[in-house]
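Descriptive structure summary
What follows is each chain in one-letter form.
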Amino acid sequence: MFENIDPSLVNWSRGQFALTAMYHWIFVPLTLGLSFIIALMETIYVRTGKEEWKKITKFWMTLFGINFAIGVATGIILEFEFGTNWSNYSWFVGDIFGAPLAIEGIMAFFLESTFIAVMFFGWNKVSKKFHLTSTWLVAFGASLSALWILVANAWMQDPVGMHFNPDTARNEMLDFWQVLFSPVAIHKFIHTITSGYVLASLFVVGICSWYILKKRELFLAKRSILVASVFGLISSLMLIYSGDGSARQLVHVQPMKFAAIEGLYNGQTGAGLVAIGIISSAPGDTNSRNVKDFSFLIEIPNFLSYMAYGEFDAFVPGVNDLVDGNLKYNLIPVSDKMERGKLARETLADLKSARDRGDTAQYALLNARFRDPDFINNFFRYFGYGFLDDPNQVIPNVPLAFYSFHIMVGLGFYFLLLLVLFLIGLYRNKLENRKFLLRLAIFTIPLAYLASQAGWIVAEMGRQPWVIQDLLPTMAAVSHIDATSVQVTFWLFAVLFSALLTAELSIMFKQIKIGSK
Amino acid sequence: MTVGKRLWIIILIKLFIMFAILRIFFFPDILKVRFGNDRERGDYVIEQLSKTR
């Protein structure tokens, strides 16, 4: 298996980032969602005064604590990697990442961490209302922490609100609010946090199903299922709504990713939405661009056009249109963008050269170009294309993007259906008889994690080769360091994170078996 | 051993590995280590971004 891994520095750096990000994302969504479920349960306890609800709250708080303790600070590893493996990128993004990450740090340490101490250790030490307020603040703090890192990620997908300073080679923030409220950031934030809420709801429903099958903790299980199913159902609807919004944004800001997730090679008017499909390769094809067709396909006619542009007959560009260009629809060929990008890079080199030799007139002239809207819109916006050797390099791994997207979407609708069935079962008081549904809910817990990871694969692999859309490709973002050191730390992380995950599962299973005693 | 005690031990070991070993020995900030000031760092990145292979 490992013989197939490309041992180059770029690929090892990417692999290491993917490994750490994916492990980190195992812990985060449960923290995001479970904190709100606990807050809802504690609210019921405070309002009703029933000790059973306090017991239920404390049980889930223990599981939340296990996940939080083991997962906390795993994201800091990603920031280590920025400085070591991705130094060109870290420098290039400049203030854009600095501001949101600084706010995230303040949120995480001052809001989340302070009130989490009250939440865990404050029972019987502070008033009920103060404790409840702390629990809610932990929940909001966790989601607000996520907001800032997601805003930074959204900027990478759609860089807005900044100006490139050619003197320092850094992007400087011009409009904080444009960065914060970019439509990509808004949809990404809502979609990501609600995916965490749904995952946590399914986690609660799955564990409670196990209790019901074992005929244990029946009161806790049924009450918890009620809270989690209602919360999960509302979150699922928001998840679907924000997913639809994300797709509408995608077609404008990352049309290649949009074409890839739909496996659309040749653009179409009235394009159909693929519900289920198996991508096939033509014999002898050597690259993903030549994947021709589907060996199996169920599609909803015209719906992709509607989803993208709100019109059933609108033209949706495919991979080939985006690479080769399409005059009719004003799509510039990648080869043209490569030329423009190269000119922008040469201008940057000339500017540095003029500065180094003290040619102030030439320096002022070239510096002014980076503030000229015409140069920015027609040349600098394609800066990243100047690094490419071949137009086909802009095509991501289409099968990976396609399958990840369809797994995520398919599972998302399945989760919605499952939560509805649980609520019906509760309403009719027949949940204990529905053994198949209960077993299905247990099996669904890993599926929730699969969908969550698939979502990030769509977001991050689907935008390749870009680290920052159109401005910086992955190959130019990486630090020039020894690939061996990246390989060593890759395996160190693999061991460390696997140990943490094993500890999480071991302690979690043990605590679930003990129950609410 | 209680769950809480076990979790505290895991947290401390994890933070020690991350900050006292990984951060110090494996994850230096490359630009800060190699260059003395922001001007030099900027110049280096401009060279990286503008040089043709």
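Below is a summary of the structure that appears in this document. These figures come from a predicted structure and were not determined experimentally.

1. A closer look at the interface of chain A and chain B
Of the residues lining the interface, 31 residues belong to chain A; the matching set on chain B comes to 25 residues. Among the elements of the structure, helix 2 (51-71), helix 3 (76-85), helix 4 (87-93), helix 13 (334-356) and helix 19 (483-514) of chain A are those that each provide at least two residues to the side of chain A that touches chain B. Among the elements that take part in the side of chain A that touches chain B, helix 19 of chain A stands out by supplying six residues, more than any other. For the side of chain A that touches chain B, the per-class residue count stands at 18 nonpolar, ten polar and three charged.

2. With respect to the nonpolar core
Grouped together as the largest cluster of nonpolar side chains are 146 residues, with contacts concentrated most on A:Ile37, A:Trp60, A:Ala200, A:Val204, A:Val319 and A:Leu472. Shared between two domains, this core takes at least three residues from each, and those domains are domain 1 (2-253 + 400-512) and domain 2 (255-263 + 317-395) of chain A. Ranked by size, the runner-up nonpolar core spans five residues in total, among them A:Phe80, A:Phe493, A:Leu496 and B:Phe27.

3. Examining the packing of helix 8 (residues 183-213) of chain A against helix 17 (residues 435-461) of chain A
Residues and elements named next belong to chain A. The contact between helix 8 and helix 17 brings their axes to 8 Å, and the two run at 155°. Comparing the axis directions of helix 8 and helix 17 gives the class roughly antiparallel. Relative to helix 17, the crossing made by helix 8 is left-handed. Along the contact surface, helix 8 presents Ser195, Val198, Leu199, Leu202, Phe203, Val205, Gly206, Ser209, Trp210, Ile212 and Leu213, while helix 17 presents Lys435, Leu438, Ala441, Ile442, Thr444, Ile445, Ala448, Tyr449, Ser452 and Gly455. Among the residues forming the contact of helix 8 with helix 17, the class breakdown is 14 nonpolar, six polar and one charged.

4. Comments concerning the packing of helix 2 of chain A against helix 19 of chain A
All names here are of chain A. For the pair helix 2 and helix 19, interaxial distance at closest approach is 10 Å and the crossing angle is 170°. On the basis of the axis angle, helix 2 is roughly antiparallel to helix 19. When helix 2 is examined against helix 19, the residues Thr62, Leu63, Ile66, Asn67 and Ile70 are found in contact with a partner set consisting of Leu500, Ala503, Glu504, Ile507, Met508 and Gln511. When the residues that make up the contact of helix 2 with helix 19 are grouped by side-chain class, the tally is seven nonpolar, three polar and one charged.

The rules behind each value
Each residue is numbered by its place in its chain's sequence as written, counting from 1. Both sets of labels track the order of writing: A upward for chains, 1 upward for ligands. A pLDDT threshold of at least 70 governs which residues receive local features in this predicted model, and a stricter bar of 80 or more applies before side-chain atom pairs are shown or counted, although totals over entire chains, interfaces and linings include all residues. The contact criterion used here is simple: two residues whose C-beta atoms, placed from the backbone, lie within 7 Å are in contact. Each helix is a run of DSSP H or I of at least 4 residues and each strand a run of E of at least 2, with the numbering of both proceeding from the N terminus. Amino acids are sorted into nonpolar (Ala, Val, Leu, Ile, Met, Phe, Trp, Tyr, Cys and Pro), charged (Asp, Glu, Lys and Arg) and polar (every other residue, Gly among them). Take the buried Ala, Val, Leu, Ile, Met, Phe, Trp, Tyr and Cys residues, join any whose C-beta atoms are within 7 Å, and the set you get is a nonpolar core. Counting other C-beta atoms within 10 Å of each residue's C-beta, where C-beta atoms are placed from the backbone, gives the exposure class: buried for 20 or more, exposed for 12 or fewer, partly exposed between. Annotation comment: domain bounds sourced from an automatic or database domain assignment. To get an axis, fit a line to the C-alpha atoms, keeping to the stretch in contact for a helix; angles then go from 0 to 180 degrees between the N-to-C directions. In what follows, roughly perpendicular refers to angles from 65 to 115 degrees, roughly parallel to angles under 35, roughly antiparallel to angles over 145, and oblique to any angle outside these ranges. Helix crossings get a hand from a simple test, with the near helix turned counterclockwise from the far one by less than a right angle marking a left-handed crossing and a clockwise turn marking a right-handed one.

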